[in-house]
Amino acid sequence: MSAEITITGLTKNYGRMKALDDITITFRDGEFLVLLGPSGCGKTTLLRCIAGLETPDAGEIRIGGEIVFSADQHIFTPPGKRNLGMVFQSYALWPHMTVYDNIGFGLNLQSIPRQEIPARITSVLKDLAMTGLENRYPSELSGGQQQRVAVARLLAARPQLFLMDEPLSNLDARLRVDMRAELKRLHHDIKVTTVYVTHDQTEALTMADRVVIMRDGRIMQAGSPHEIYARPANLFTAEFIAMPQINILPVVLEQLDDGISCIIADYQVRMQRQLPECKVLAAVRPENIRIHPAAVPGAVEFKIYSVLPAGPETFYDLKRDTTRLMVRDVNARNLEMDQTVWIEFDIGTINYYDEENGEPVLLE
């Protein structure tokens, strides 16, 4: 059964605050889609509208081609009839029930034949490497195991759509990494349409087929993790998807007879373009700056302000007058604070934006 989700003109207000502002998007059948953005951007509200836990003020939602909400047609399908399952940040397990009973509780409510329930529970416990934990209570489980029970309960019910609201945020760093791998493998195996909410950009980029960036109730960009990272559609996305922070630098432009001169942090290149009519900012990721311990023709001199080792890579905070740059270097070099270095930009990877409205500017 198809579980494509089509959302058209969805709006949700809380008093004067517009939590969702005319959202229109399609979530493809079988994809793992991540809603990403800062707190208050509307991602959880959108998920709850899909689930039927919130009633939008305008717009339409279709799941598998069927209208489950329409403001114009006065249609609202209750959550229990939308054939979907949710995993919450809090796990929402019954503390007085064993693992087996927690998983089976929803199956009993679905009126599934009694003789079929044990096989379903055994199957999902095996798939999630939890065989042998059937008789434990939630208080006897680790955080990762409790989260697996919540996922097992979802799998056993076999809904056409999975909704997950920051399900890993209560886990420690190592468990989050492990559970990301488990959830991604699970989606690979069963191909159920999954909508996943997070504020963690690493989680989004490592797990998603497609990422939807939200801000102030609007969609800023939707694309593959590579598209979102390499070619942000606006300055907000460029700054939000950054590990560590992206370098945002003013660009000095000068019209030449055969193109334009483009100067970024005193690094000069020439481009075959007309001079834009706006002030331009360059967004340069730390890994797209080459650092040299000795002078290189065309490179620009900087001084190392701070050295930040991070295991297999090192981040260098560089300074030149009032200009600061963050550089990611994977070479095992023992560069020190206050050392003079020279930098070059990988020009083909730089994105340019209008300083006033954050919209992209084409210079390359």
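Relevant structure appears above.
Predicted model only: the values in this text are computed from it and were never measured.

Q: Looking at this structure, how should I read the sheet that holds strand β13 (residues 259-264)?
A: What links the strands of a sheet is backbone hydrogen bonding, and the strands pair in either a parallel or an antiparallel sense. Taking strand neighbours across the sheet as the criterion, the 5 strands line up as β14-β13-β12-β15-β21 in an open arrangement whose pairing is antiparallel. Strands with a single pairing partner mark the edges of an open sheet, and in this sheet they are β14 (267-271) and β21 (351-354). Going across the sheet, the axis of each strand differs from the next one's by a mean of 35°, ignoring polarity. Relative to β13, strand β12 (residues 247-256) runs antiparallel, the two being bridged by 6 bridges. Looking at β13, one finds that Leu 256 is bridged to Gly 259.

Q: Looking at this structure, how should I read the environment of Asp 57?
A: For Asp 57, the position within the fold is in the loop between α1 (43-51) and β4 (58-63). Separated by 15 residues in the primary sequence, Asp 57 and Asp 72 place their C-alpha atoms 9.9 Å from one another. The contacts of Asp 57, once residues within four sequence positions are left out, are Thr 11, Lys 12, Asn 13 and Ala 71. Engagement of the side chain of Asp 57 in a polar contact is seen with the backbone nitrogen of Asn 13, the distance being 2.6 Å.

Q: Is there a simple way to think about the sheet that holds strand β1 (residues 5-14) in this case?
A: With respect to topology, 5 strands assemble into an open sheet ordered β2-β1-β4-β5-β6, the strand pairing being antiparallel. This sheet does not close on itself; its edge strands, each paired only once, are β2 (17-27) and β6 (75-76). For β1 and β2, the ladder comprises 7 bridges, and the chain directions are antiparallel. Residue Asn 13 lies in a different strand from β2, and its bridge partner there is Lys 18.

Cut-offs used in this document
Residues numbered from 1 in each chain as written. Predicted model: local features only at pLDDT ≥ 70, side-chain atom pairs only at ≥ 80, totals over all residues. Heavy atoms only, no water. Pairing = 2+ DSSP bridges. Helix = DSSP H or I, 4+ residues; strand = E, 2+ residues; numbered from the N terminus. Axes fitted to C-alpha atoms, helices over the stretch in contact; angles between N-to-C directions. Contact = heavy atoms within 4.5 Å. Polar contact = N/O pair within 3.5 Å; in protein donor to acceptor, adjacent residues only side chain to side chain.

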